[in-house]
Amino acid sequence: MSIQDIFNAVISYDRLGIAALTEKEITAGTSVQRILNQGLIAPMDEVGRKFSEGVLFMPEMMMAGQTMKEAMKVLKPHLVGKVASPAGTVVIATVKGDLHDIGKNLVALMLEGGGFTVHDLGVDVPTEKLVEEARRTQADIVALSALLTTTMPAMAETTAALKTAPREVRVIVGGAPVTEAFAQKIGADGYAENGPKAVELARTLLGPR
Amino acid sequence: METTQLLQERLKLVLDAAALEKPDRTPVVLEYSAFAAYAAGRSMADFVSSPARATEIMIEARHKVGGGDAMNYGTFTPHSLSYLFMSKVRTPGHELPDNDIWQVDEKELMTRDDYDLIREMGWPGFLDRFMAERVFNDLPEALRPENLPRGNTRRAWAEIGVPVLMGGDVTTPLELLSGGRTMMGFITDLFEIPDTVEAAMESICPHLAKVACRRAKAAGFPAVWVGGWRAAPSMLSPALWDRFAWPYFKRLVEEVVEMGLIAILHLDANWTSRLDRFRELPGGRCIMSLDGETDIFQAKRIVGDHLCLMGDVPAALLYLGEPAEVRDYCRKLIREIGPEGFILQSGCDIPANAKLENARAMVETALDA
């Protein structure tokens with residue numbers, strides 16, 4: 001049993017087998033930090049890279065992410081107080097009036113796989129709830145998703161509220177009708193067109209930790 | 001000009017383009033649903049109250065837009081989305097405020113056990129039970145699809161000289177199953193029980209096109225819509241696309257054409273990487289309708305001599321742009337994608353909050369060209 005087995009389980013989408021592998025590795029005394037970094041974050045970074053290269057596609061990213069999540073269920077109770085600071089804290093949601101979440105869920109998975117602590121508020125989330133959650137979690141980044149042109153105004157409103165809140169937070173946006181130009185227009189800190197780019201953007205915005 | 005003559009002339013423009021002939025001018029087809037409510041100053045709840053009411057409001061909206069040679073579809077009901085996505089749809093005036101847009105509420109209404117059940121029951125029987133027990137089960141009797149006034153869509157539009165192209169809609173087993181299982185559930189099925197999924201798809205496919213085609217022909221519509229969104233090659237690896245998406249899409253298109261109808265290939269998302277495969281479809285019998293994600297200029301190079309292209313004024317341009325920008329893009333399309341085998345249209349629906357002047361600009365550009 002080794003961390004390489006966990007790494008391989010993510011890469012081969014062994015969603016049903018990875019929990020047992022992770023348990024065994026913890027029992028064997030391997031540090032949870034190593035399991036997280038080398039067994040989960042590393043393969044997710046590789047998946048993200050291959051997606052960006054056009055080798056892997058959305059289903060493979062989703063399977064890798066779901067496989068990683070199964071391992072995280074086992075790992076999480078052991079993580080508190082035992083790991084260095086995560087890459088950052090992200091609150092993510094689909095904006096008010098919009099129920100679409102496939103892209104948002106994938107971004108959340110990739111961010112978690114990238115070592116971020118992610119608080120996913122789901123869909124149809126009003127501005128006030130996002131502002132409050134950003135405050136409550138001391139979020140570094142709020143990631144907003146919209147799939148309808150009719151909910152893009154809600155994205156603009158939420159961004160404005162977050163950027164004028166007492167505590168500074170970065171805002172990144174995405175979704176099918178959203179563009180880099182729109183992101184700039186509404187004062188967001190960045191636009192990401194997919195999960196791996198969201199991870200890259202988040203890391204760029206927050207710098208090394 | 002008499003409306004009958006107007007109807008026939010407008011339809012000829014579209015049919016000539018579909019057959020890859022050079023029409024007298026580039027036809028412009030309108031595709032919208034929610035936009036109709038905004039344009040006509042009606043509430044969204046009013047718009048979805050029945051298909052008959054939706055038709056009335058869509059006709060009002062066309063007058064506001066100022067023209068258009070044909071309608072892609074002539075009526076609308078959120079229930080149609082329930083059949084395409086195997087999901088409940090939250091609607092304005094019921095679960096949503098009166099002026100919110102309806103939204104598909106994707107939940108795992110299908111389980112893994114249903115793949116075998118589909119084969120045991122047959123798709124028609126399974127679908128009837130699924131829709132009654134899991135999708136429309138909590139609808140009041142008066143709001144069930146069979147109880148809503150439908151009107152006569154084709155006649156209503158014909159009375160103002162506007163042909164309606166689409167007499168029915170079909171989509172592939174992949175779209176249906178990914179809706180019913182949810183995207184995440186379906187993807188895990190593709191990876192963990194692929195043979196079971198494929199067997200269910202084989203069982204479903206023969207039942208999809210025939211009913212829609214028969215109804216379209218009987219009512220005198222020239223086309224049936226064959227839709228793909230999650231089946232786009234940008235969404236799936238080549239291996240998954242070759243096994244679970246393309247063979248079924250191709251089969252449905254061939255069935256539609258064999259029934260003597262035009263297949264409107266409604267392609268959401270990005271299909272650029274596999275445009276070459278569309279040369280396998282019957283030439284001069286399909287309209288490839290692109291939403292702005294696929295590279296329409298590459299489509300012209302790769303399949304422009306084989307299939308008519310329709311589109312692709314982007315939703316974001318119609319919402320955020322100005323009329324001059326819309327006109328420039330439309331002129332570019334007419335110039336570079338036409339004159340043969342091209343129909344100007346928005347990329348998918350004109351979005352609900354598109355500027356009316358932008359929709360007008362799109363129509364005017366075609367009429368003035």
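See above for the structure.
Here's a quick rundown of the structure. (Residues numbered from 1 in each chain as written. Chains lettered and ligands numbered in written order. Predicted model: local features only at pLDDT ≥ 70, side-chain atom pairs only at ≥ 80, totals over all residues. Heavy atoms only, no water.)

## Focus on the packing of helix α4 (residues 58-79) of chain A against helix α10 (residues 183-192) of chain B
- At a closest axis distance of 10 Å, the pairing of α4 of chain A and α10 of chain B adopts a crossing angle of 95°. The orientation of α4 of chain A relative to α10 of chain B falls into the category roughly perpendicular. Residues Met58, Pro59, Glu60, Met62, Met63 and Gln66 of chain A of α4 of chain A lie in contact with α10 of chain B, whose contacting residues are Met183, Met184, Ile187, Thr188, Phe191 and Glu192 of chain B.
- When the residues that make up the contact of α4 of chain A with α10 of chain B are grouped by side-chain class, the tally is 8 nonpolar, 2 polar and 2 charged. (Axes fitted to C-alpha atoms, helices over the stretch in contact; angles between N-to-C directions. Helix = DSSP H or I, 4+ residues; strand = E, 2+ residues; numbered from the N terminus. Parallel < 35°, antiparallel > 145°, perpendicular 65-115°, else oblique. Contact = heavy atoms within 4.5 Å. Nonpolar A, V, L, I, M, F, W, Y, C, P; charged D, E, K, R; others polar.)

## A look at the side chain of aspartate 105 of chain B
Residue and element names in this part refer to chain B.
- In this structure, aspartate 105 sits in strand β4 (residues 103-105).
- For aspartate 105, a relative accessible area of 16% gives the class buried.
- Within polar-contact distance, the side chain of aspartate 105 engages the side chain of arginine 90 at 3.4 Å.
- Sequence-distant contacts of aspartate 105, defined by excluding residues within four places in its chain, comprise Ser87, Lys88, Val89 and Arg90. (Buried < 20%, exposed > 50% of the residue type's maximum accessible area, 1.4 Å probe, protein only. Polar contact = N/O pair within 3.5 Å; in protein donor to acceptor, adjacent residues only side chain to side chain.)

## Quick word on the pattern of salt bridges
All names here are of chain B.
- Considering all chains together, one arrives at 41 salt bridges over all chains under this definition.
- Of the charged contacts, one joins aspartate 138 and lysine 88 as a salt bridge, the two residues approaching to 3.1 Å between their closest N and O atoms. One end of the pair, aspartate 138, is in the loop between α7 (123-135) and α8 (153-158); the other, lysine 88, is in strand β3 (residues 88-90), with 50 residues separating them in the sequence.
- Among the salt bridges present, the one from glutamate 198 reaches arginine 243, with a minimum N-O distance of 2.7 Å. (Salt bridge = Lys/Arg side-chain N within 4 Å of Asp/Glu carboxyl O.)

## Notes on the environment of valine 14 of chain B
Residues and elements named next belong to chain B.
- Residue placement: valine 14 occurs in helix α1 (residues 3-18).
- Taking the C-alpha atoms as reference points, valine 14 and threonine 26, 12 residues apart in sequence, are found 8.5 Å from one another.
- Not counting residues within four places of it along the chain, the set of residues in contact with valine 14 comprises Pro27, Val29, Ala70, Leu165 and Ile343.

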